[in-house]
Amino acid sequence: MRIAGRQQVFRDPGQVCLVMSSTLKSLRALSDPTRLRIVALLERDELSVNELQEATRMGQSRISTHLGLLQESSLVQSRRDGKRTFYRLHPHPDGTGREFIQLAIRGAKELLEFAEDQTNLKRILTRRREQAQVYFNQVAGRFDRIYGPGRSWQAFGHLLLRVLPPLVVADLGAGEGLLSELLARRCKRVIAVDNSDKIVAFGAAKAKKNGLKNLEFRLGDLQDPPIESNSMDLVILSQALHHAEDPAKAIASAHRILRAGGQIMILDLSRHNFEKAGELYGDRWLGFAESDLHRWLEMAGFRKIEISVVAREEEPPHFQTVLAGGEK
Ligand SMILES: C[S@@+](CC[C@H](N)C(=O)[O-])C[C@H]1O[C@@H](n2cnc3c(N)ncnc32)[C@H](O)[C@@H]1O
């Protein structure tokens, strides 16, 4: 009756009914001490039904009924995470909703159960944090070798690419363009050179299909690449130098095509004794000694030379990858 009476005061009765009904729903939701306790618990963090059960020491069906009423009043929301459902206070309640939540929390604090609920909640949240820590403490020391969902070198590669400036890059002995394609997503321009016509045709078609207009494949020899002198910011030789008849000449050519201040990056195998590499992979050289790479880079005129082993394979023959860089 009182609702009807107030409706007459307003011009739009439909709107009044809506306002009244949401207010009444909230009042009804907060008319029970258990629901006040739930609101006070959810103030700290989102919780699952199991966690609410543990904090309040009440049965699942009672908790679920109370949560249902709180959700109906829009004071509480839920979200699914796999098989579990988490409940939380409405993150952006309107003015009235905010007042109701504050009132509920004040009311809950006057209840005898409040202190024990909060102690239980603290224990639950600590355990949650510890569960994650227990896992990482267990895997510490071998974390980089075990599987972690979503963790991959490819993903790390994309992250590192984002910090690259928009360079002009030559990828010599590029193959089908695994690295060139990755670079083209970020760099201004990438020229991929390879001496296999089939590989160049395949790489070019793939780049076109992937819409990489700034990636150009050229047929040519990495010892004298078909690229203008002093035009590149970065020259990459990734697992390509050990195919060159004359590696020193390839490095000198890289120097020729780089602009002043440009960088060379060579990824190749450390010197190894796996003789079958020639027959199996068409390798001309069994990797390189760091001292040889250093000498050739110096002879070509590179400065700030840095060379280090950056990867070692777990399986025999334990190939090691060396990264050698320098600046023109
Ligand atoms: C092992 S693959 C490396 C491909 C790519 N750089 C990568 O890291 O995935 C070596 C590539 O070098 C090319 N290659 C070998 N000798 C070459 C030469 N003298 N000039 C240009 N490319 C050459 C091969 O055709 C092959 O595509």
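Placed above this text is the structure.
In this report, the structure presented in the accompanying data block is examined. (Residues numbered from 1 in each chain as written. Predicted model: local features only at pLDDT ≥ 70, side-chain atom pairs only at ≥ 80, totals over all residues. Heavy atoms only, no water.)

### A look at the environment of Leu 241
To keep things clear, this is the line we draw: Where helices and strands are cited, they refer to DSSP runs of H or I of at least four residues and of E of at least two residues respectively, numbered from the N terminus. The rule is simple: take the accessible area with a 1.4 Å probe, protein chains only, and divide by the maximum for that residue type; under 20% is buried, over 50% is exposed, in between is partly exposed. The contact criterion used throughout is that any non-hydrogen atoms of two residues lie within 4.5 Å.
Note on placement: Leu 241 falls in the loop between strand E7 (232–238) and helix H11 (247–257). Looking at Leu 241, the relative accessible area reads 0%, which means it is buried. Residues Leu 241 and Asp 221, 20 residues apart in the sequence, show an inter-C-alpha distance of 11 Å. Once you skip the residues sitting within four places of it in the chain, Leu 241 turns out to touch Pro 247, Ala 250, Ile 251, Ile 266, Asp 268, Trp 285, Phe 288 and Leu 293.

### Observations regarding the sheet that holds strand E10 (residues 320–327)
Keep this limit in mind: Strands were regarded as paired on the criterion that DSSP finds at least two bridges between them. For helices, the fitted axis covers only the stretch in contact; all axes are lines through C-alpha atoms, and the angles between them, taken along N-to-C directions, range from 0 to 180 degrees.
Here we have seven strands laid out as an open sheet, ordered E6-E5-E4-E7-E8-E10-E9, and mixed in their pairing. Each end of this open sheet is capped by a strand with a single partner; those strands are strand E6 (215–219) and strand E9 (303–312). Direction aside, the axes of adjacent strands within the sheet are offset by 15 degrees on average. Where strand E4 (residues 168–172) lies against E7, three bridges are found, and the strand directions are parallel. The residue bridging Val 169 from the neighbouring strand is Leu 234, located in E7. Those strands touched by helix H13 (residues 290–300) are strand E8 (258–269), E9 and E10, and its axis lies near 150 degrees from that of E9.

### With respect to the sheet that holds strand E1 (residues 47–48)
Taken together, three strands build an open sheet; the order of strands is E1-E3-E2 and the sheet is antiparallel. At either margin of the open sheet sits one strand with a lone partner, and together these are E1 and strand E2 (76–81). Here E1 pairs with strand E3 (residues 84–89) via two bridges, running antiparallel. Bridging across to E3, Ser 48 finds its partner in Phe 86.

### Focus: the site of the ligand
Heads up, the rule is: When at least one non-hydrogen atom of a residue lies within 4 Å of a molecule or strand, that residue is treated as near it. Here a polar contact is recorded for every N or O atom pair within 3.5 Å, except that within protein the pair must consist of a potential hydrogen donor and a potential acceptor, and residues adjacent in sequence are included only if both atoms are side-chain atoms. Under the convention used here, a 1.4 Å probe and the Shrake-Rupley method define accessible areas, while residue burial counts only the protein chains that appear.
Lining the immediate surroundings of the ligand are 13 residues, of which Gly 173, Asp 194, Asn 195, Leu 222 and Ser 238 lie closest. Gly 173 is positioned such that a nitrogen or oxygen atom in its backbone is 2.8 Å from a nitrogen atom of the ligand. Taking Leu 222, its main chain carries an N or O atom lying 2.9 Å from a nitrogen atom of the ligand. For the ligand, whose free accessible area comes to 600 Å², the fraction covered by protein is 77%.

Without other data, these values stay purely geometric and don't point to any function.
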